[in-house]
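Coordinate inspection notes
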Amino acid sequence: MPNHKLIEKYPDKKGLFYNLGNLNYLNGDDKFALENYQNSLKNADPQIQAHALYNMGNVHYNMGDLQNSVELYQDALKLSPGDADIRHNYEPVSYTHLR
């Protein structure tokens, strides 16, 4: 079932875009991963928003776009400052990129 059919079938599933973004990311489909993560930011749950931003940062990092990666990690940390995974990825990238 294509993504748009899932979204039409389950419009109330707030985490669907995030989960689809994860599937896209794992399959190496950066464009659709970013699109689905972006759509998941409409979710009211700050934790899902933080993880979507974090994963978007990972996608940008893997594409070699360190500037966007750092900015997305920073945004994720604002929503979830105690998240060790976000901080783990943010600190070395920000250190090397912002020097």
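Let me begin by describing the structure that accompanies this report. Quantities reported herein were computed from a predicted structural model and do not represent experimental measurements. (Residues numbered from 1 in each chain as written. Predicted model: local features only at pLDDT ≥ 70, side-chain atom pairs only at ≥ 80, totals over all residues. Heavy atoms only, no water.)

**Here's the deal with the environment of S40**
Residue position: S40 is located in helix α3 (residues 30–40). Assessed through its relative accessible area of 0%, S40 is described here as buried. It is 22 Å that separates the C-alpha atoms of S40 and Q67, two residues lying 27 residues apart in sequence. Beyond its immediate chain neighbours, meaning those up to four positions away, S40 contacts F17, Y18, I48 and A52. (Helix = DSSP H or I, 4+ residues; strand = E, 2+ residues; numbered from the N terminus. Buried < 20%, exposed > 50% of the residue type's maximum accessible area, 1.4 Å probe, protein only. Contact = heavy atoms within 4.5 Å.)

**Overview of the packing of α3 against helix α4 (residues 46–62)**
How two helices pack is summed up by the angle between their axes together with the distance between the axes. Two elements in contact, α3 and α4, have axes separated by 9 Å at closest approach and are oriented at 160°. Comparing the axis directions of α3 and α4 gives the class roughly antiparallel. Where α3 crosses over α4, the two elements pack in a sense that is left-handed. Mapping the contact onto sequence places D30, A33, L34, Y37, Q38 and S40 in α3 and I48, A52, N55, M56, V59 and H60 in α4. Partitioning the contact of α3 with α4 into residue classes produces seven nonpolar, four polar and one charged. (Axes fitted to C-alpha atoms, helices over the stretch in contact; angles between N-to-C directions. Parallel < 35°, antiparallel > 145°, perpendicular 65-115°, else oblique. Left-handed = near helix turned anticlockwise from the far one by under 90°. Nonpolar A, V, L, I, M, F, W, Y, C, P; charged D, E, K, R; others polar.)

**Some details on the pattern of salt bridges**
Counted by the stated rule, this structure contains two salt bridges. Close ionic contact of E91 with R87 constitutes a salt bridge, the shortest N to O distance being 3.7 Å. Taken as a pair, E91 and R87 lie in helix α6 (residues 84–97) at a separation of four residues, close to a single helical turn. Judged by its relative accessible area of 42%, E91 is partly exposed. R87 gets classed as partly exposed once you look at its relative accessible area, which sits at 32%. (Salt bridge = Lys/Arg side-chain N within 4 Å of Asp/Glu carboxyl O.)

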